[in-house]
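Spelled out, the chains give:
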Amino acid sequence: MAAMNGGGARRWGWGGGGRAESRRAEAQAAKDAAATAFYELDTAQRDLRISIETLAAVDDSPAARRAVEEFAEFGRRIDQVSHEYIATVDAHDLERDDLDGDAASRARRALDRTREDLERTRADLERFGQGLGPLLEKAETQLARLAPAVERARQALLGATKALDAVRAAGLRADEAAARLAALSPELTRLNEGAARHGVRDTLQRAERVLREAEGVRREVELLPERAAETDRRLSSLRTRAEALRHRAENVGPVLSELRRRFTVACWEDLQNVPEQVAGAVRQAEEKLAEARTARQEQRWADATARLSTVRALLNDADEAVSAAGERLRRLNEVSFDHSGEVERTRFAIRDAQRLAMAGRSHPDPRHAGPLDGAVARLERAVAGLSGRHPDWWGFVTELDAIRETVADVVRRIREERAAGG
């Protein structure tokens, strides 16, 4: 009675109506399950998209590019199943009062198929994501390096700037280093803009490059006071050496006079131009020293170093020429007084080489015996050539030097062959 008086729109609980309500409930459950599957797929896609974007920013390997392409393909597949889900939900209004049992069953079946498609797609997506483990681990390692790398680059730039300020305060301009440091300013700007704009990989490379170049500038700047002091020392030392060499060159004339007076032309002819050569070398050295001093004052360190190297080479040549004249007279004096010492040195070298050539053999190797026999004959000819009132003592000395060098070459070859097992 109460049902009759106050029932209104309430359905009766017997007959087909009960089955319809059951099917409606099943359809609603299927709809809820499909909605859950749709939400879980969307969440999985969004989570994986973050990883894929990281991968794309960090890794440009073929494997990473394939992963990005496969994820894009998944995106198209997800769009399709999502569209089908929405279409299915729109096609079946489970809130209609006149929804009958057959319509509810059809809705449930359609929603179940949609849910299965969504779940299958999500499972495939998750398997795909699990397969990205090694690539993502590598990418995350790169990301973990990013912040420290950028900070190291910034600190390196700061250190270089402080070092530059310090040497400038000491009166050194360091223009080249300052220009190199200024060229890094745009790179610092890009580092500050971050990986979001320039990519993780490019930002890491830029940070490493800035670090390397800034540290190079800092080292160069920190060495500048020492470089200036070393340049000053070399200027002073080479100036003193040039003055000393100029005085030594004054002795070349008397040496040549004694050589001309006591020995044949062949003994001194090649030294005739030594005074002019030495004077010219010293003069050029002094000119280059003046240029080096100017470069030092203007703090053109590379130019100063280059000119000082030229000065050193010129003075070395001049020094060798002066020494050669004095050494020539000394050796000629020794050999003209008693040449037996030179002869015995040479004979000893030949005998020593002959013993080595015969060691462990019954007959010498012709490759070794020939040059050694030739050395004996040359020595005999050189001694025999010391005839007349004024022999060519310098020709004798140089020939014995050449014989000993030939013998030394044979000894070197024998030892090399035996060391190699020959």
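Residues numbered from 1 in each chain as written. Predicted model: local features only at pLDDT ≥ 70, side-chain atom pairs only at ≥ 80, totals over all residues. Heavy atoms only, no water.

Draft legend 1. Summary view of the packing of helix H6 (residues 175-183) against helix H9 (residues 200-249). At their nearest, the axes of H6 and H9 sit 10 Å apart, and the two run at 165° to each other. It follows that H6 is roughly antiparallel to H9 by the angle criterion. Once H6 is placed against H9, the crossing between them reads as left-handed. Across from Glu176, Ala177, Arg180 and Leu181 in H6, the residues of H9 making contact are Glu213, Gly216, Val217, Glu220 and Val221. Grouping the amino acids of the contact of H6 with H9 by side-chain chemistry returns four nonpolar, one polar and four charged. (Axes fitted to C-alpha atoms, helices over the stretch in contact; angles between N-to-C directions. Helix = DSSP H or I, 4+ residues; strand = E, 2+ residues; numbered from the N terminus. Parallel < 35°, antiparallel > 145°, perpendicular 65-115°, else oblique. Left-handed = near helix turned anticlockwise from the far one by under 90°. Contact = heavy atoms within 4.5 Å. Nonpolar A, V, L, I, M, F, W, Y, C, P; charged D, E, K, R; others polar.)

Draft legend 2. Up close: the pattern of salt bridges. For the structure on display, the rule yields 40 salt bridges. Two residues, Glu344 and Arg347, come together in a salt bridge whose shortest N-O distance is 3.4 Å. With Glu344 and Arg347 both in helix H13 (residues 340-358) and three residues apart, this pair spans about one turn of that helix. When its relative accessible area of 40% is taken as the criterion, Glu344 is described as partly exposed. Assessed through its relative accessible area of 36%, Arg347 is described here as partly exposed. One salt bridge in this structure joins Glu405 and Arg412, with 3.1 Å as the shortest N-O distance. (Salt bridge = Lys/Arg side-chain N within 4 Å of Asp/Glu carboxyl O. Buried < 20%, exposed > 50% of the residue type's maximum accessible area, 1.4 Å probe, protein only.)

Draft legend 3. Inspection of the packing of aromatic side chains at higher detail. Inspection of every chain in the model, using the stated rule, returns three aromatic pairs. Ring centres 5.3 Å apart and planes at 40° place the aromatic pair Phe74 and Phe128 in the tilted group. Residue Phe74 is found in helix H3 (residues 62-91), and its partner Phe128 is found in helix H4 (residues 101-131); the two are separated by 54 residues along the sequence. Both rings, one in Trp393 and one in Phe396, keep their centres 6.1 Å apart while their planes meet at 85°; by these two values the pair is edge-to-face. With Trp393 and Phe396 both in helix H15 (residues 393-419) and three residues apart, the pair spans about one turn of that helix. (Phe/Tyr/Trp six-rings, centres within 6.5 Å; stacked < 30°, edge-to-face > 60°.)

Draft legend 4. Fine view of the nonpolar core. Core analysis: the largest hydrophobic core is formed by 51 residues, its most contacted members being Leu125, Phe128 and Leu132. For this core, the secondary-structure elements that each account for two or more residues are helix H2 (16-58), H3, H4, helix H5 (133-169), H6 and H9. Ranked by residue count, the leading element in this core is H5, at 13 residues. Mapping this core onto the domain boundaries places at least three of its residues in each of domain 1 (18-143) and domain 2 (155-224). Setting aside its immediate chain neighbours within four residues, Leu125 contacts Leu41, Ala44, Gln45, Leu48, Phe71, Phe74 and Ile78. Grouped together as the second largest cluster of nonpolar side chains are 49 residues, Leu256, Ala285, Ala375 and Phe396 included. (Core = buried A, V, L, I, M, F, W, Y, C linked by side-chain atoms within 4.5 Å. Domains from an automatic or database assignment.)

Draft legend 5. The arrangement of the domain arrangement of the protein chain in detail. Structurally, the protein chain comprises domain 1 (18-143), domain 2 (155-224), domain 3 (232-335) and domain 4 (338-421). With ten residues of domain 3 at the interface, the matching set in domain 4 holds twelve residues. Across the interface of domain 3 and domain 4, roughly 950 Å² is buried in total on both sides, 60% from carbon and sulfur atoms. When residues of domain 3 are sorted by the area they lose upon contact with domain 4, Thr264, Arg331 and Val335 head the list and together hold 57% of the total. Where domain 3 touches domain 4, the interface holds two salt bridges. Between Arg331 and Glu342 there is a salt bridge whose closest N-O contact spans 3.5 Å. At the junction of domain 3 and domain 4, the tally comes to four residue pairs in polar contact (both at pLDDT 80 or more). No other element matches the five residues that helix H12 (residues 301-337) contributes to the side of domain 3 that touches domain 4. (Buried area = accessible area lost by both parts, 1.4 Å probe. Polar contact = N/O pair within 3.5 Å; in protein donor to acceptor, adjacent residues only side chain to side chain.)

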